[in-house]
Amino acid sequence: MPGPLTIPESNCDVLIVGAGPAGLMTAAWMARCGINARVVDKRGTKVFNGQADGLQCRTLEIFDSFGFADRAWKESNHMLEFCMWNPGLDGVLRRSDRIPDTMPGISRFTECVLHQGRVERFFLDHMKQHSNIEVERGVLPESLEIDESKAEDVAAYPITVKLRHLTDEEAQPEQSKASSSKLQDGLFRSNLAPDDTDDLIRKSKGKDGSEEIVHAKYVVGCDGAHSWTRRQLGFEMQGEATDFIWGVLDIVPITNFPDIRSRCAIHSENNGSIMVIPRENGLVRLYIQLKEIVPDASGRADRSKITPEVILKAAQRTLSPYTLSYVHCDWWTAYQIGQRVATDFDKCQRVFLAGDAVHTHSPKAGQGMNISMQDGYNLGWKIAAAVNGRSPRSILRTYQSERRRIAQDLIAFDHHLSRLYSKRPAKDVMDTEGVSMEEFKAAFLKGHMFTTGLTVDYGGSMLVAKQGETNVKAGKQHLAANVPLGMRFPSFKVMNQADSRPWHFQERLPSDGRWRIILFAGNISSPAQKERVEKFCAALDKPSSFLHRFTPASEPIDSVIEILTVHSAKRYETELLRDFPEILHPFSETRGWAYDKVYVDDESYHEGHGQAYKNYGVNAERGCVVALRPDQYVGWVGELEDVADLEGFFGGVLLERK
């Protein structure tokens, strides 16, 4: 008789569990940085309908850094107005206010909506363009072990994961049978549904050829609110659930409600609330409070009682006297509001958790997909840098310190906002049980900048040279007043010195794993300032400088740290090759001079003056130097003479290359 089959074993640098937005964002970094990575997901297919849909300003900026924001921008529905509807003194529903959905001038993008499946497609296409990484579907982990004695060995593969390969039938989730129709529903992904991972493993056990062993340097668990990875690590979620149950419909509405194509918050007198999100392709998403669905003694609602028909009737009651019906429903689901954050985000800086695996909340603020992707955006480049030997492993400690505080801020914000959505409006100032609509508006406006993702402010660390951080010399924030340390580098229009084309500066900061030095060269027409710039460049161009020490001899000088220059002199009074040292526009035999690295803050032919120096808060005569992390966040600010301090900053985050 033949003996038992040998389970195949292999090594990979990074194993990503879960191919949702957080997992694919992490995988995008692996693809761009040339990392040997695998992505597994227990579902047989990607998302095609429904799920998350809101794309905030910062998320679109990140998409642009990967090169596909234009696809999302073109396909999505742009939300420009937020309308509030409340009952008047006579109880009749009326529009009480209108405000911009996105505050003007804060970003080159505004909030838009596009369903999660299209977002996943953009990531998959990006990965295919830059690597051979593909999502392995119908594959899930069965066991995970960490050899902690090897955790600090950069060459080791201390994590052992047994993977199980499912059949196509096993990998297909069972749709709800609550509705008589054949509508696609999302209840199997909802927090109202139990996790099915253990059942899938149990059903598939004992089948030959269905197992493999993977030895990994790093594992990233992006496997949702029920996270299998989190359970293996023994981490808990802290927080609370509420009794508020909400249904979701993606429909083409037939209605006489006048603001159906604007984002709306609708509070009825006694029939709950609705949030209206106008979608692409004529769809509208309705979040509808289901007051008649009450959790049982265990705190769990009976999802068999929730159908599209039940959700629609609740919406009709809330929207009265306006009418609402539909012929086409694209997707539906329901969820129970809860706010929780994981106790820990990583184990030994080897196994990490991201997205819903470490924070859960309501969709009211449009943050779920955005915050999850930004977790992956923060973590991915750090793991890639540790794997390829560009940075020390110690940078990985900053993932939890930076992202857990953001998650806690999100939970606090969502806790307040979701209750304002779920409670009835107050009848008068003495009605303490109801919600004041002035309070609701104030909460929306206060949280507006938070929801855009533009207020993320990372604390002092080896990656952010803030005052009080003992490991690095603090940056001189006053030199660039509007470029805050620890925050994303804002974007204003600058003009290319060589060809006069205007660019948003952020467009010149692709997510390719490189650090950047932004040289605000000031008024290069001034002899004294030109001398300062030349001394700065000469210091960086020395063979012994950090720029050369951190760049392998076989690679271009801008492959690890790229220098981008913005000066404030008149463009027609300056010449790229005459007035700027070669290190600012390095020469290559294959690409010639680098004409895409020097920019000017001057009047363009067709788009006016970007006023970059003014907007960045930088002195137009003397300039300054800014160091950016690979994720566009500001790490250090200093004078052109502070080369030693700049070297000290980079010396803490980069390793010398052989």
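Residues numbered from 1 in each chain as written. Predicted model: local features only at pLDDT ≥ 70, side-chain atom pairs only at ≥ 80, totals over all residues. Heavy atoms only, no water.

Comments concerning the nonpolar core
In this structure, Phe63 and Phe650 are the most contacted members of the largest nonpolar core, which totals 143 residues. It is helix α8 (residues 368-387) that contributes the most residues to this core, 11 residues altogether. Once residues within four sequence positions are removed from consideration, Phe63 is found in contact with Met25, Leu55, Phe68, Ala69, Ala72, Val119, Phe123 and Met373. If you look at the next biggest cluster of nonpolar residues, it comprises 27 residues, including Ile260, Cys264, Val276 and Ile306. (Core = buried A, V, L, I, M, F, W, Y, C linked by side-chain atoms within 4.5 Å. Buried < 20%, exposed > 50% of the residue type's maximum accessible area, 1.4 Å probe, protein only. Helix = DSSP H or I, 4+ residues; strand = E, 2+ residues; numbered from the N terminus. Contact = heavy atoms within 4.5 Å.)

Brief notes about unusual backbone geometry
Outside of glycine, negative phi angles account for most residues, and trans bonds account for most peptide bonds. With an omega of 20°, the peptide bond between Ser320 and Pro321 qualifies as cis. Relative to the helices and strands, Pro321 is located in the loop between α7 (308-319) and β16 (324-342). A positive phi angle is found at Ser500, which is not glycine, with a value near 70°. Inspection of the secondary structure assignment puts Ser500 in the loop between β20 (493-496) and β21 (502-504). By relative accessible area, Ser500 is classed as buried at 14%.

Considerations on the environment of Ser65
As for its placement among the helices and strands, Ser65 is situated in helix α2 (residues 57-66). For Ser65, a relative accessible area of 5% gives the class buried. With 567 residues separating them in the primary sequence, Ser65 and Gln632 have C-alpha atoms 9.1 Å apart. The residues contacting Ser65, other than those within four sequence positions of it, are Arg32, Tyr377, Leu509, Pro510, Ser511 and Gln632. At a separation of 2.6 Å, a polar atom in the side chain of Ser65 contacts the main-chain carbonyl oxygen of Ile62. (Polar contact = N/O pair within 3.5 Å; in protein donor to acceptor, adjacent residues only side chain to side chain.)

Things to note about the side chain of Glu562
As for its position among the elements, Glu562 is in strand β23 (residues 561-567). The buried category is assigned to Glu562, whose relative accessible area is 4%. One polar contact links Glu562 to Lys597, side chain to side chain, over a distance of 2.5 Å. Setting aside chain neighbours within four positions, we find Glu562 in contact with Arg508, Arg514, Trp515, Arg516, Ile517 and Lys597.

Section: the sheet that holds β21
Taking strand neighbours across the sheet as the criterion, the seven strands line up as β21-β20-β26-β23-β22-β29-β30 in an open arrangement whose pairing is mixed. Taken across any chain shown, the strands that pair with only one partner, and hence form the sheet edges, are β21 and β30 (634-638). Shown here is a sheet whose adjacent strand axes are inclined to one another by a mean of 30°, direction ignored. Relative to strand β26 (residues 598-600), β20 runs antiparallel, the two sharing two bridges. Within β26, the residue paired with Asn496 across the bridge is Tyr599. The strands touched by helix α11 (residues 527-541) within the sheet are β22 (515-522), β23 and β29 (624-628), with β22 carrying the most contacts at an inclination of about 160°. Together, β22, β23, β29 and β30 form the strand contacts of helix α15 (residues 643-653), whose direction differs from that of β22 by roughly 165°. (Pairing = 2+ DSSP bridges. Axes fitted to C-alpha atoms, helices over the stretch in contact; angles between N-to-C directions.)

Details of the pattern of salt bridges
Scanning all chains against the criterion turns up 51 salt bridges. Between Lys535 and Glu531 there is a salt bridge whose closest N-O contact spans 3.6 Å. You can see Lys535 and its partner Glu531 sitting in helix α11, four residues apart, about one turn around the helix. Assessed through its relative accessible area of 55%, Lys535 is described here as exposed. (Salt bridge = Lys/Arg side-chain N within 4 Å of Asp/Glu carboxyl O.)

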